[in-house]
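# What the coordinates show
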Protein chains: 2
Amino acid sequence: VKKLLSKFWGLNKETWNLAMNEPKKLIHGFKVGMALSLVSLFYYMKPLYEGIGGNAMWAVLTVIVVFEYTVGATLSKCLNKAAGTFLAGVLGIGVHWIARQFGQKFEPVILQGSVCIISAAATFSRFIPSIKAQFDYGVLVFILTICFITVSGYRVENLLELALHRLSTIAIGSSICILTSMLFCPVWAGNELHNLIRNNMEKLADSLDGCIAQYFGCDINSNNTQSETSNNILLGYKCVLDSRDTEESLANFARWEPAHRGFNFGHPWKEYLKVGASLRSCAYCIKALNCTIDSGAQGPDILKNHFSKCCIKLSSNSSAVLKELVVVMDTMTKSPKIDFKVSEMCSAVQEVQNALKALSKQPIANPTIISLTEVIPLVTLSSLLIEIAGITGKIAKDVNGFANKA
Amino acid sequence: VKKLLSKFWGLNKETWNLAMNEPKKLIHGFKVGMALSLVSLFYYMKPLYEGIGGNAMWAVLTVIVVFEYTVGATLSKCLNKAAGTFLAGVLGIGVHWIARQFGQKFEPVILQGSVCIISAAATFSRFIPSIKAQFDYGVLVFILTICFITVSGYRVENLLELALHRLSTIAIGSSICILTSMLFCPVWAGNELHNLIRNNMEKLADSLDGCIAQYFGCDINSNNTQSETSNNILLGYKCVLDSRDTEESLANFARWEPAHRGFNFGHPWKEYLKVGASLRSCAYCIKALNCTIDSGAQGPDILKNHFSKCCIKLSSNSSAVLKELVVVMDTMTKSPKIDFKVSEMCSAVQEVQNALKALSKQPIANPTIISLTEVIPLVTLSSLLIEIAGITGKIAKDVNGFANKA
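Described below are features of the structure shown in this document. (Residues numbered from 1 in each chain as written. Chains lettered and ligands numbered in written order. Predicted model: local features only at pLDDT ≥ 70, side-chain atom pairs only at ≥ 80, totals over all residues. Heavy atoms only, no water.)

### Quick notes on the packing of helix α9 (residues 189-216) of chain B against helix α11 (residues 244-254) of chain B
All names here are of chain B. Packing of α9 against α11 brings their axes to within 8 Å, and their N-to-C directions diverge by 145°. You can see that α9 and α11 cross each other, and the crossing is left-handed. Contact residues: A189, G190, E192, L193, L196, I197 and N200 in α9; T246, E247, L250, A251, F253 and A254 in α11. (Axes fitted to C-alpha atoms, helices over the stretch in contact; angles between N-to-C directions. Helix = DSSP H or I, 4+ residues; strand = E, 2+ residues; numbered from the N terminus. Left-handed = near helix turned anticlockwise from the far one by under 90°. Contact = heavy atoms within 4.5 Å.)

Written out as structure tokens, the structure is:
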């Protein structure tokens with residue numbers, strides 16, 4: 001019982017945190033509730049009821065199944081549903097007509113056989129990656145409708161009327177969904193994607209700063225907030241590593257959305273995926289950086305001093321570029337500072353490389369003073385920083401590219 | 001038109017490849033078709049039709065929506081559907097009873113209000129991670145049923161009968177699904193998870209071997225197959241990086257499955273996730289290894305010779321451990337060789353560490369002979385190999401742990 005109670009308590013806390021951190025999701029719940037009560041009006045009000053009849057139930061079902069969190073997802077589901085229903089309707093009536101030609105006796109056999117084959121093929125097609133990504137729901141609706149038509153068509157006489165009824169209820173349900181999701185506090189997939197990429201950049205910049213600050217011990221924060229900070233560092237790059245699936249589905253949905261908040265229809269959403277991928281490679285580097293630091297292999301102090309200046313400069317320059325890119329993404333116009341910051345970063349890279357070269361020319365491997373094993377962490381660190389700077393440069397190019405296009 | 005044709009051709013090829021590589025998925029399609037024709041029998045056969053009536057449509061819908069690729073997923077969806085329908089039924093009848101007490105005038109208002117609030121709360125709960133992972137479909141069915149009951153209950157007089165009908169059709173649909181998915185070529189989520197982890201191990205072992213072979217130029221294969229091999233290397237570890245979501249959902253579904261193929265009910269599936277996570281860290285290291293190699297920074301030949309022997313030994317020992325673990329997973333009994341191989345790997349780690357130490361004691365940084373920058377790739381490589389060996393040791397411990405338990 002105690003275990004159950006603590007589980008319940010945990011769930012409660014989780015719910016509360018979610019509601020506090022993402023009130024949009026709470027609002028989404030109420031939007032669904034509102035859409036459902038709107039659509040159920042068709043059922044309650046006598047004159048409307050007589051117009052559409054018992055089929056109104058289908059409109060309710062449509063709302064429940066189709067209403068998604070983002071506008072793009074809702075639109076894509078509606079289009080999928082409409083296309084799937086229409087195609088299945090046409091095919092179903094065709095199959096029905098053919099079956100009828102074979103006479104009363106063979107009709108059910110033909111119908112059942114075709115249901116079996118068509119649904120098998122459609123189910124298999126849902127495994128094909130390119131169909132799964134965009135038309136999964138459409139194919140499901142297709143199977144559903146074709147079963148509905150071929151099976152019930154055997155009983156119901158006026159098949160065409162049935163199909164029209166179903167289409168009209170779906171249209172009612174879909175339009176209520178689309179209107180509610182677009183008019184009341186809309187959540188645009190494109191906007192979400194934009195913010196996700198923007199926030200990931202910011203997180204990486206902070207991670208990088210925190211990481212280097214921790215290593216070179218120049219932490220400005222007082223001890224109290226230090227554990228919190230280092231925790232945030234860890235979470236920062238990990239979020240970026242895990243965001244691939246979200247990015248891809250958001251980019252898929254964003255394509256369906258009309259112009260909103262400065263994003264035109266046909267905004268280059270695919271470019272965002274490229275930037276996302278670069279951010280992820282950057283996050284891998286920061287992960288490696290963290291591993292190097294966590295391994296506790298501190299270089300000797302003389303070397304650390306030798307490197308600290310240029311490494312800190314490079315990392316702060318890289319994170320400055322990332323932060324400037326955040327500004328670029330906020331305004332969606334090329335920032336005048338960005339080119340300057342990128343070139344500053346490049347010169348910092350040069351400095352670190354010079355420091356590395358200088359190191360290799362000094363007789364540091366004199367075993368009595370410094371051994372090679374002690375040099376390794378610093379060398380790894382600086383080469384990782386150089387790589388991060390390289391990726392940052394690439395991200396800057398991509399972001400400027402689509403900021404210009406938009 | 002040409003673009004469309006080439007797209008169509010690409011899709012065709014994709015479909016063909018999928019069907020050839022994973023015939024199980026093709027079979028799944030036919031299983032769905034079979035289940036659908038089975039369930040539509042209720043509709044075609046007169047005596048059965050009279051027993052269940054037009055509600056038979058619900059059984060067909062249940063089959064379409066509930067039938068999933070793996071047995072575990074189908075079972076979990078069926079249980080979700082049953083639980084959601086039952087809970088919503090009880091709650092719906094309760095709401096209905098309360099609404100009726102307020103008289104004819106207020107009844108629709110109360111009903112609509114409660115539909116709005118209940119569905120809003122339920123929709124929001126779908127965002128909570130722990131509910132989303134396991135009960136997403138159940139909550140959807142809950143919303144669907146509660147709308148169905150509260151809305152249509154206003155018209156249909158014998159509500160209890162409606163609820164019973166719906167439950168019985170769901171039971172028919174679900175049992176047909178479960179029977180078909182379990183009796184004909186069943187695809188067990190647990191088995192899939194087991195194979196996924198096993199194959200990932202094999203891929204990593206091959207990646208590691210190929211990577212090191214490429215670097216030290218001791219590629220045994222002829223030139224023809226080389227490009228193919230290096231391609232496989234790349235794909236190998238990338239698959240492992242991307243398999244997290246699949247692993248988690250399979251582990252979730254595997255918990256529902258009865259005993260099968262040597263896996264008891266209550267098999268430690270969560271342990272597989274741990275192993276999967278370790279494999280992923282190993283894949284990160286191999287990725288880093290590949291980056292180091294791709295950067296083209298070859299160390300000088302003298303050093304390469306100095307390192308090649310022990311590095312090749314370490315990597316082949318690590319991959320031997322991984323391959324032995326594949327055998328352990330195949331037989332699910334602790335292999336007698338595994339401890340020996342792990343200790344061999346540990347001694348190889350020691351050798352590489354000694355080589356590193358020896359390197360740092362030699363006056364190699366004599367600028368005229370070898371500069372530090374040239375040493376770096378080799379040092380990075382060996383430290384990555386040491387890390388891989390460490391993770392491999394951890395994986396060996398985990399796998400032996402659950403091989404003993406099973």
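Still more to cover.
### Considerations on the nonpolar core
In this structure, M201 of chain A together with M201 of chain B are the most contacted members of the largest nonpolar core, which totals 129 residues. Contacts of M201 of chain B, omitting those with residues within four sequence positions, involve V275, L279, L322, L325, V326, M329, I395 and V399 of chain B. By size, the runner-up hydrophobic cluster in this structure holds 88 residues, among which are L18, L61 and C78 of chain A together with I146 of chain B. (Core = buried A, V, L, I, M, F, W, Y, C linked by side-chain atoms within 4.5 Å. Buried < 20%, exposed > 50% of the residue type's maximum accessible area, 1.4 Å probe, protein only.)

### Considerations on the side chain of T180 of chain B
All names here are of chain B. You can see T180 is positioned in helix α8 (residues 159-183). A polar contact is formed between the side chain of T180 and the backbone oxygen of I176, at a distance of 2.3 Å. The residues contacting T180, other than those within four sequence positions of it, are K31, M34, A35 and F67. (Polar contact = N/O pair within 3.5 Å; in protein donor to acceptor, adjacent residues only side chain to side chain.)

### Describing the pattern of salt bridges
When the charged atoms of two side chains lie near each other, side chains of opposite charge can form a pair. Per the counting criterion, the structure on display carries 27 salt bridges over all chains. Between K24 of chain A and E192 of chain A there is a salt bridge whose closest N-O contact spans 2.8 Å. Taken as a pair, K24 of chain A in helix α2 (residues 23-44) and E192 of chain A in helix α9 (residues 189-216) lie far apart in primary sequence, 168 residues in all. Between E107 of chain B and R100 of chain B there is a salt bridge, with the nearest N and O atoms lying 3.9 Å from each other. (Salt bridge = Lys/Arg side-chain N within 4 Å of Asp/Glu carboxyl O.)

### Section: the side chain of S125 of chain A
Residues and elements named next belong to chain A. Following the sequence through the fold, S125 ends up in helix α6 (residues 103-125). Accessibility expressed as a relative area gives 15% for S125, which makes it buried. Setting aside its immediate chain neighbours within four residues, S125 contacts I131 and V139.

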